[in-house]
Amino acid sequence: MAKKIGIYVERNTISNGDQMAGIMRFAHHAQRMGHRSDFLFRADMFKIPEYDALFIRAFTDPLNSAYVAARTAQMYGVRVLDDPDSILICCDKVNMYRHLMNQSVPIPETLFLDETQLTLAHAQTVFGQLGNPVVLKAPNGSFSMYVEKVENAEEFVKVGKKYFRRSDRIVAQRFVRSQFDWRVGMLGGEPLYVCRYSIPKKHWKIATYQPDGKTIYGPVKALSIDKVEPKLLEVAKKAAAAIGNGLYGVDLKQVGDEYIVVEVNDNPTINAGEEDSQAPELYERLVRYLVQ
Amino acid sequence: MVFGYDDTLDLLDLSDLGRVAEPQPSMNSTLPLICWYPQGGHYVNLAGDYDYLEMPYYLSQDFENTGRLIHPTPKEILDAYITPLFLEKAKLNDLPVPNFYLTNGYFEAPVVIDPINPYIIKSRTVLKAGREASTARSMTRNHTYAMCCQEIPKGAKIVHFRSVLGWCYTKRFQAASLAIWERYHIPLAKVRMFALPDGTLLFSDLGPLPFADLGANERHYLDSKVQWQKK
């Protein structure tokens with residue numbers, strides 16, 4: 001039976017050509033499978049209860065309107081990606097790492113700090129426990145923002161002070177060096193796509209924000225799910241299951257033969273020609289998940 | 001469900017609150033303010049100000065993540081503090097609300113505007129036409145974020161009350177206060193309502209009521225309902 005799928009977008013989504021092209025491919029597949037898909041903007045929020053499913057392609061922080069869309073859909077029994085419960089976990093790194101820890105998912109050694117621990121003396125304790133350098137993360141950063149590497153107590157206090165303006169807890173984590181991050185897209189507990197996000201030369205994370213406003217990204221290489229090591233997919237599955245049963249982008253680093261999870265993202269990027277290039281069924285599976 | 005009030009009584013606004021109960025010296029703010037609520041068989045977070053990612057929010061999250069039943073949960077906090085969700089939840093629970101809509105900029109006075117963005121907290125009331133464009137620009141950070149507009153019905157007055165575990169010192173808000181606790185599970189809140197000329201009350205918004213701001217009567221009421229340590 002034909003279903004009505006709403007695609008909730010915001011202007012940041014529209015301004016990104018590759019992301020928009022990915023959404024158009026989703027819409028095309030939905031129609032080809034006999035369903036109707038409509039774009040919904042903020043002013044259309046009141047229409048959400050009229051739909052059978054909602055696919056959110058916007059910045060999902062709980063203090064932004066995309067969360068209102070997700071939660072409204074859930075309140076009215078509309079099947080939604082991303083569901084608000086996943087957003088609540090993934091958009092707060094403290095909550096996200098706690099869920100991963102509770103399910104014994106391998107992650108870099110992690111501490112949660114409150115403001116009373118932001119002292120030069122405590123910095124030494126943290127370096128003693130996690131090694132040097134330490135990665136500090138504000139809980140509500142995304143796209144590698146508000147993630148910094150600190151190498152001495154003064155930097156620890158300076159960066160920590162900046163992050164405590166955003167929240168009352170922050171994350172301190174052991175630094176794990178790598179040349180690329182694995183990204184495993186997961187949907188309903190199963191792998192959807194696999195990519196390798198390379199880290200740009202002379203940098204240590206996949207996106208680096210320059211003082212002049214430019215952002216440096218490394219190249220993205222998609223791989224077929226059946227061509228990657230099963231162990232990578234196993235760890236990604238375990239990480240996704242610790243969060244929920246929706247759509248996630250699980251970021252992992254490879255250390256020797258082991259994989260450790262550095263983050264689980266809700267609303268993962270799905271750009272045309274990148275994430276979808278080695279996953280021919282990606283859009284069909286998204287549609288099927290939403291209308292089931 | 002209709003929430004009415006006795007229109008022979010003066011409307012209560014925030015300036016009246018000092019009269020209701022004198023604020024007491026605040027408790028040590030480093031205390032977690034978590035107590036046991038025997039009537040419900042769960043813990044209750046009485047910090048009163050549950051803003052996202054602040055310590056009281058994290059305390060509720062800690063309890064939830066360790067499998068202990070507590071109210072409000074982080075999800076309940078957002079359902080109550082994000083105005084359009086507060087209103088949707090009210091609608092689904094048959095609580096009366098004004099007409100409302102989300103917008104990036106366009107609206108028509110008279111409205112109460114609540115921001116939906118991480119940088120602005122304060123709401124704004126626009127009663128007359130003329131400054132919509134500049135107000136929208138400022139409330140949305142130049143149309144980057146959304147805002148929620150509630151139409152103010154003709155003759156309506158904006159009133160507030162303090163809700164303490166479903167109880168309110170002022171009798172006319174008792175039923176509304178009970179609804180806030182039963183449907184939203186927010187123990188301490190300042191609630192904004194629209195009072196219509198016919199006596200009907202419309203739910204409009206819910207905001208923080210820090211424990212430290214409670215008056216003697218309110219603390220006395222809490223003491224009769226909660227145990228500060230689980231027995």
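**Details of the environment of A:Gln124**
Tracing the sequence through the fold places A:Gln124 in helix 6 (residues 120–130). Between the C-alpha atoms of A:Gln124 and A:Gly244, which are 120 residues apart in sequence, the distance is 36 Å.

**A word on the interface of chain A and chain B**
Counting residues at the interface gives 32 residues for chain A and 30 residues for chain B. For the pair chain A and chain B, the two sides together bury roughly 2800 Å², of which 57% comes from carbon and sulfur. At the boundary of chain A and chain B, one finds four salt bridges. Notably, a salt bridge pairs A:Arg71 with B:Asp79, separated by 2.7 Å at the nearest N-O pair. Listed by contribution, the elements that provide at least two residues to the side of chain A that touches chain B are helix 3 (65–75), helix 4 (84–90) and helix 5 (93–102) of chain A. Top contributing element to the side of chain A that touches chain B by residue count: helix 3 of chain A, with seven residues. Considering only residue class, the side of chain A that touches chain B consists of 12 nonpolar, nine polar and 11 charged.

**Structural notes on the state of the cysteines**
Residues and elements named next belong to chain B. Here the structure, examined in full by the defined rule, presents zero disulfides over all chains. Not part of a disulfide, cysteine 149 finds its nearest cysteine sulfur in cysteine 148, a span of 6.7 Å. Free cysteine cysteine 168: the closest other cysteine sulfur is in cysteine 35, separated by 19 Å.

**Side note on the sheet that holds strand 3 (residues 70–71) of chain B**
Working definition: the strands of a sheet are paired by backbone hydrogen bonds and lie parallel or antiparallel to each other. All names here are of chain B. With respect to topology, three strands assemble into an open sheet ordered 1-2-3, the strand pairing being mixed. Both edges of this open sheet fall to strand 1 (34–37) and strand 3, since each of them pairs with a single strand only. In terms of strand pairing, strand 2 (residues 42–45) meets strand 3 through two bridges, oriented parallel. Each residue of the ladder has a partner; that of valine 44, found in strand 3, is histidine 71. Sitting on the sheet, helix 2 (residues 55–65) touches strand 1, strand 2 and strand 3, and the angle it makes with strand 2 is about 165°.

Criteria and thresholds
Residues numbered from 1 in each chain as written. Chains lettered and ligands numbered in written order. Predicted model: local features only at pLDDT ≥ 70, side-chain atom pairs only at ≥ 80, totals over all residues. Heavy atoms only, no water. Helix = DSSP H or I, 4+ residues; strand = E, 2+ residues; numbered from the N terminus. Contact = heavy atoms within 4.5 Å. Buried area = accessible area lost by both parts, 1.4 Å probe. Salt bridge = Lys/Arg side-chain N within 4 Å of Asp/Glu carboxyl O. Nonpolar A, V, L, I, M, F, W, Y, C, P; charged D, E, K, R; others polar. Disulfide = S-S within 2.5 Å. Pairing = 2+ DSSP bridges. Axes fitted to C-alpha atoms, helices over the stretch in contact; angles between N-to-C directions.

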